[in-house]
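An overview of the molecular structure
In case you want the letters, here they are:
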Amino acid sequence: MKESTTAKLVKIALIGALYTVLNLVIAPLSFGTVQFRISEELTLLPLFSPLGIWGITFGCFFSNLIGFLTGTNPIGMIDALVGTSATLVAALVTYRIGKIPFASMEPGKARIVRALLAPIPVVLSNALIVGLELALVFGGNPGESLPYIWAFQGISVAAGEIVVCYTLGMLLTFALYRADLYKKLFPETRTA
């Protein structure tokens, strides 16, 4: 069954809204040098559908923008662009992981491998891109100490991503795999 464009846009908007709400509910923990965004569990949705790419990208943009406008995002307006770019890069790579055929594996094992690989681009993209952003915004003069500040910020961001993606994200992923629920939510999805 082919979904209408309106149905796809509604799903993108719902994913984006859910990401934004989850992010802003714990806003003090979602922004700053140490980040713990429970909304990042949704960054594994591109594993199932390209709708997840756009939903979490828009959700990240609006979360960062609203955080800036309400004063809870100390990074400022730049986070709406840089942080969102990190999310988009991770989502595109996560989507590609979902397309890996793993033809030599039985489907159940292939799902486990995809689920375990899916958080890696999220962790790395945010650690590198958001870590650099935080180092430049909060690190002051980008001189000799920048690599150390970047490493600290990157590790801090990566730690939060690992915790959320490998706990809540895994729960979400396996819940969608169970009884092939992802096929009902995303009919255009490929067999995963």
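Before reading further, recall that the structure is shown in the block above.
Here goes a summary of the coordinates provided. (Residues numbered from 1 in each chain as written. Predicted model: local features only at pLDDT ≥ 70, side-chain atom pairs only at ≥ 80, totals over all residues. Heavy atoms only, no water.)

**As for the overall build of the chain**
Secondary structure summary: the chain contains eight helices and zero strands in total. Listing each helix as α and each strand as β along the chain from the N terminus yields α-α-α-α-α-α-α-α. Here the C-alpha atoms of the chain give a radius of gyration of 17 Å, agreeing with the 16 Å that 2.2 N^0.38 yields for 192 residues. Viewed in the frame of its principal axes, the chain has a C-alpha envelope of about 55 × 35 × 20 Å. Looking at the 192 residues of the chain, the share that counts as buried comes to 48%. As presented, the chain carries roughly 9,300 Å² of accessible surface, and 75% of it is formed by carbon and sulfur atoms. (Helix = DSSP H or I, 4+ residues; strand = E, 2+ residues; numbered from the N terminus. Rg over C-alpha atoms; globule rule 2.2 N^0.38 Å. Buried < 20%, exposed > 50% of the residue type's maximum accessible area, 1.4 Å probe, protein only. Areas by Shrake-Rupley, 256 points an atom, 1.4 Å probe, with all protein chains shown as cover.)

**Quick word on the layout of surface pockets**
There is about 190 Å³ of room inside the largest pocket. Lining the largest pocket are K11, L14, I15, L18, L42, L45, L172, L176, L185 and F186. Residue assignment for the lining of the largest pocket shows that the elements contributing at least two residues are α1 (5-25) and α7 (146-177). Among the elements that line the lining of the largest pocket, the one with the most residues is α1, at four residues. Taken together, the residues that form the lining of the largest pocket break down as nine nonpolar, no polar and one charged. (1 Å grid on protein atoms, 1.4 Å probe; cavity = no way out; pocket = protein on both sides within 12 Å on 5 of 7 lines; lining within 4 Å. Points joined across faces, edges and corners; volume = space filled by probe spheres on them. Nonpolar A, V, L, I, M, F, W, Y, C, P; charged D, E, K, R; others polar.)

**Some details on the packing of aromatic side chains**
One pass over the full model with this rule turns up five aromatic pairs. On the numbers, 5.4 Å between centres and 70 degrees between planes, the contact of F61 with F62 is edge-to-face. By relative accessible area, which is 24% here, F61 ends up partly exposed. The interplanar angle of 50 degrees and the centroid separation of 6.3 Å between the aromatic rings of F174 and Y177 together place this pair among those described as tilted. (Phe/Tyr/Trp six-rings, centres within 6.5 Å; stacked < 30°, edge-to-face > 60°.)

**Observations concerning a nonpolar patch on the surface**
Together, I100, I112, L116, L117, I120, L124, L128, W150, I162, Y166 and F174 line one region of the surface with nonpolar side chains, adding up to about 900 Å² of accessible area. Ranked by residues supplied to the nonpolar patch, first place goes to α7 with four residues. Among the structural elements, W150 can be located in helix α7. (Patch = residues over 30% accessible without salt bridge, like charges linked within 9 Å, V, L, I, M, F, W, Y side chains within 5 Å. Salt bridge = Lys/Arg side-chain N within 4 Å of Asp/Glu carboxyl O.)

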